[in-house]
Structures are given as C-alpha cells and as structure tokens.
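Remarks on the overall topology
Next come the chains, spelled out residue by residue.
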Amino acid sequence: MTQINEPRRALVTGITGQDGSYLTELLLDQGYEVYGVIRHSASRNDWRMANFSSRVHLLSGDLGDSSSLVRALLRSRPHEVYNLAAQSFVPTSFEQPLQTLEITGLGVLRLLEALRQVAPEARFYQASTSEMFGQAREMPQNERTAFHPRSPYGVAKVTAHWATVNYREAYGLFCCSGILFNHESPRRGSDFVTQKVATAAARISRGLQSELYLGNLDAQRDWGHSRDFVRAMWLMLQQDEPRDFVIATGATRSVRELCQVAFEHVGLRADDHVTIDPSFVRPKEAKQLVGDASAARDQLGWRPTISFDAMIEEMVDAAGERLDGFSREARQGRKAELSGS
Ligand code: NAP
Ligand code: F7E
C-alpha cells in the first residue's frame, strides 16, 4: 500500500540505452525512486548513466529470463514500469530474426505475465514503434493506421504491441503503448544513421577520415529528439485511462537532407564525402514514415520542442567534443608515458 509521502517508484528496462537514460533523468527530476534493469555485459556499458548512476538502484535482469523479471518487480515494487529494452537495430533483426523475436517480442510477454502475477497494480509502458507501420497504407500514420512491418524487428514489435493491448483488455491492467517515430540525440547508438552521419561529419572536419559510406539516401523519416519523446512516455502513464498514442514531429527529412545539415554545420559539402555502399541497403524497408501525433497533442498536451536542425547540430558538436576529449586523453597518456609517470 502507498504510504503518505512515499516516493513514487519506477522500474525501467533498457536503462543503459538512449531513451532509458533520458527517461531516468526526467523521473529523478520528478522525485521518483528509480530502479533499472541491466543485463550482464563483458565490458562496461554505462556511459549514458554517468549523470545519475549513483542515484538509481540497478537490478540484474534480462528480457529472456522470466525469473529475473519477477525478481526485479518484487524488489522494486514499482508504481510504474517502462519497458524500453529491446534488440532495437533493424539491420541486426535481419541477421538475428529469432533472437530479435525472442527479446523484442516474447520478452515483452514475459514481462507482462510477470507484471500480471506479482505487480498487477503497476502502470506499464511499452516502447512500440513506427516500424510497425512499415509499408504504410496511409500518410501520415496515426493510432488507427494498419500495421505492415517490413523487418523482423517490426514483426517482433507488432507481437509486443498486441500483447500489451491484450493484457489491458483481458486483465484490466493499466498498459499503454507509445508508437514512437525515430528519435535521436547525442546518446544515440553509433550504428543508427543520424549518429553515423554526425560522427563522420565531426571526424572529416578534423581530418580523421575522408569518406562516409551509407545505404539508401532517399529514405525519409520523421525524426524527433529523445529528450522530447521520453516526456510523452511519462505523460501516458499519468492519464486516468490507459491508451496508445502516436508520438512524432509530423515532418519528414531524407537521409540526404540529414547529411546536408550535418556537413554544413562543420563548413563542408556532403556531396564531396558521401558514397553509397549497397551493403547498407536493407532487403526491404519503410521508404517514408511520418506520424500524426494530434491525439497526443490534444489529450496529453505533448508537443516536440527541439527542431531537426538543432538536434543534428547538437549531435555533430557532441561527437566533436568526444573526439577532442579522446585526443586530449591520448596526448596526456603519451606525455605521462614519456615522462615515466
Ligand atoms: P537502445 O539505445 O538500443 O537501448 C536498448 C536497451 O535495451 C539497452 O539498454 C539494452 O541493454 C537493452 N537490452 C537489449 N537486450 C536486452 C535484453 N535481452 N534484456 C534486457 N535489456 C536488454 O534503444 P533506444 O533508442 O533507447 O530505444 C528504446 C526503446 O524504444 C527500444 O525498445 C526501441 O526498440 C524503442 N524505439 C526506439 C525508437 C528510436 O527511434 N530510438 C523509436 C521507436 C521505438 P545493453 O546496453 O546491455 O545493450
Ligand atoms: O535508419 C537509412 C535506413 O538505422 C534510418 C530504430 O530506433 O527507428 C530506428 O530504426 C534510415 C533507414 O533507424 C544508412 O535505410 C541509409 O531508412 O537510423 P536507422 P531505423 O531503421 O529507422 C525506429 C523507429 C525504431 O523503432 C528502431 O528501433 O536511414 N540509412 N544509410 C541508413 N541507416 C543506417 N543505420 N546506416 C546507414 O548507413
């Protein structure tokens, strides 16, 4: 039972990822006690948690292991559960379709079943995705648009999405699915196209490389900022009734335009450096995705605040700062070696 003045507790899976880190910062700012599920890793993978790692409780767990999920729920006794964990890179889902379905799809069913059994009062957020629309039947896509996933990742997320809807309808759990379009930040993983382009622009401007190899330059995405999008996750769990929302900016840009913005920011021309490499072209993909987030605007009062250009420029600057930091460290290391200290 919740005591007066007892802090709200949130359990976050995927806390080491991009969204997990921004969401945790938001929850801590709101006074939550935050528990994060982390899986074992041979080498440390906690750089995104640098701002808050001493302020959260970390619990060992994996979406492949039901017993660890039950334990995490029993130990955290959460009021809110945010499921952000997934194998989230689309090309890997073509190479490892079964593992992707196991974690990104069935893993969610494991967590929902654990929730139903040991924490049925907790509110649950599922990280659904615009990749479920895939070959979209209409533009823009909203909460009623039919799904037609174009990748094993999309298929796994559709499984998870319907499992979330089913646990809401069948058991009356407070389960919400946020259908989020692409969102990025300086904390984006290095293989996603925005981070790949931002890092290359920063490296090329410093003379560290000369070419950037990409796949489909004509693909169009609706790109927002992770910091804006995690706010929508939290808002969904504060409503009186659970329901699903599309979260998007409503504007699309092509990969080609992304390159132009990033390279212009460092005084270069993208055309002089970008080369197409067919190995980065996917077997099948969603060519254009654009979201209609009017339900989120009307019911949650949610709006994106960071523009595409500002976000890409922030990413290029952050990539540059990381590079300069590395070279400063390397110089200091070499100096220390030479002086024998
Ligand atoms: P991300 O950076 O790839 O983070 C994924 C997180 O999942 C990491 O913390 C990872 O842990 C964890 N994870 C992977 N496999 C796991 C497993 N078997 N058990 C437990 N944890 C596991 O993803 P993101 O960009 O923050 O996205 C967050 C969620 O939103 C994901 O579910 C993604 O599919 C979904 N989504 C993302 C976008 C987007 O544009 N960013 C759009 C729509 C939906 P490690 O650090 O140990 O690898
Ligand atoms: O690709 C094209 C590529 O890998 C974006 C994940 O967070 O958002 C993300 O999935 C576009 C695609 O993201 C390269 O073909 C061209 O059209 O950054 P991405 P994604 O596949 O859209 C959704 C909403 C999620 O849910 C996912 O978890 O860029 N593209 N050339 C390239 N993409 C990559 N990665 N690398 C290239 O060289």
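The structure contained in this document is the topic of the report that follows.

Rules behind the numbers
- Counting restarts for each chain: residues are numbered from 1 in the order of the written sequence.
- Chains carry letters from A onward and ligands carry numbers from 1 onward, assigned in written order.
- Where totals are concerned, whole chains, interfaces and linings use all residues; where local detail is concerned, this predicted model gives features only for residues with pLDDT of at least 70, and gives and counts side-chain atom pairs only at 80 or more.
- Just so you know, side-chain values use all the structure's heavy atoms and leave hydrogens and water out.
- Working definition: residue near molecule or strand if any one of its non-hydrogen atoms lies within 4 Å of it.
- N or O atoms closer than or at 3.5 Å make up a polar contact, with two conditions inside protein: a donor-capable atom paired with an acceptor-capable one, and, for residues adjacent in sequence, both atoms drawn from side chains.
- Reported accessibility uses the Shrake-Rupley method at a 1.4 Å probe radius. Residues are deemed covered only where the shown protein chains occlude them.
- Labels follow the DSSP assignment, with helices taken as runs of H or I lasting at least four residues and strands as runs of E lasting at least two, numbered in each case from the N terminus.
- Residue type decides the class: Asp, Glu, Lys and Arg count as charged, Ala, Val, Leu, Ile, Met, Phe, Trp, Tyr, Cys and Pro as nonpolar, and the leftover types, Gly among them, as polar.
- Lines fitted to C-alpha atoms define the axes here, with helix axes fitted over just the stretch in contact, and angles between the N-to-C directions of these axes take values from 0 to 180 degrees.
- We call a crossing left-handed when the near helix sits turned anticlockwise from the far one by less than a right angle, and right-handed when that turn is clockwise.
- Contacts are residue-level and defined by heavy atoms, with any inter-residue pair within 4.5 Å sufficient.
- Partly exposed residues are those whose accessible area sits between 20% and 50% of the maximum for their type, while under 20% is buried and over 50% is exposed, using a 1.4 Å probe and protein chains only.
- Two strands are counted as paired when DSSP detects at least two bridges linking them.

Contacts to ligand 1 come from 24 residues, most closely from Thr16, Asp19, Asn45, Ser88 and Tyr153. At 2.8 Å, a backbone N or O of Asp19 approaches an oxygen atom of ligand 1. Side-chain polar atom of Asn45 to an oxygen atom of ligand 1: 2.4 Å apart, as the coordinates give it. For ligand 1, whose free accessible area comes to 900 Å², the fraction covered by protein is 90%. If you list the elements that add at least two residues to the shell around ligand 1, you get helix H1 (18–29), strand S5 (123–129) and helix H5 (152–171). Broken down by element, the residue count for the shell around ligand 1 peaks at three residues, all from S5. Per-class residue counts for the shell around ligand 1 are nine nonpolar, 10 polar and five charged.

Here we come to the packing of H1 against helix H7 (residues 226–236). Following both chains from N to C, one finds H1 and H7 inclined at 65 degrees, their axes separated by 9 Å at the closest point. In this structure, H1 crosses over H7, and the sense of that crossing is right-handed. Of H7, the residues touching H1 (which contributes Gln18, Asp19, Tyr22, Leu23, Glu25, Leu26 and Leu27) are Ser226, Arg227, Val230, Arg231, Met233 and Trp234. Of the residues in the contact of H1 with H7, the class split is seven nonpolar, two polar and four charged.

In the vicinity of ligand 2, 22 residues are found, and the nearest of them are Ser88, Thr129, Tyr153, Arg282 and Glu285. In this structure, a nitrogen atom belonging to ligand 2 sits 3.0 Å away from a main-chain N or O atom of Asp191. Out of a free accessible area of 700 Å², ligand 2 has 95% covered by protein chains. A breakdown of the residues in the shell around ligand 2 according to their chemical character gives nine nonpolar, six polar and seven charged.

Of the two faces of strand S4 (residues 80–83), the one carrying Glu80 and Tyr82 and the one carrying Val81 and Asn83 are both buried. Sheet analysis places strand S1 (residues 9–13) next to S4, joined by four bridges and oriented parallel. Within the sheet, the bridge partner assigned to Val12 lies in S4 and is Tyr82. In this sheet, S5 lies alongside S4 in parallel orientation, the contact comprising four bridges. Its bridge partner lying in S5, Asn83 is registered against Gln126.

It is worth spelling out the packing of helix H6 (residues 193–205) against helix H8 (residues 255–265) at this point. Axis separation between H6 and H8 bottoms out at 9 Å; the angle between their running directions is 35 degrees. Here the hand of the crossing between H6 and H8 comes out right-handed. Of the residues in H8, those in contact with Val193, Thr194, Val197, Ala201 and Ile204 of H6 are Val255, Leu258, Cys259, Ala262 and Phe263. The residue makeup of the contact of H6 with H8, split by class, is nine nonpolar, one polar and no charged.

Everything listed is a geometric property; what it means functionally is a separate question.
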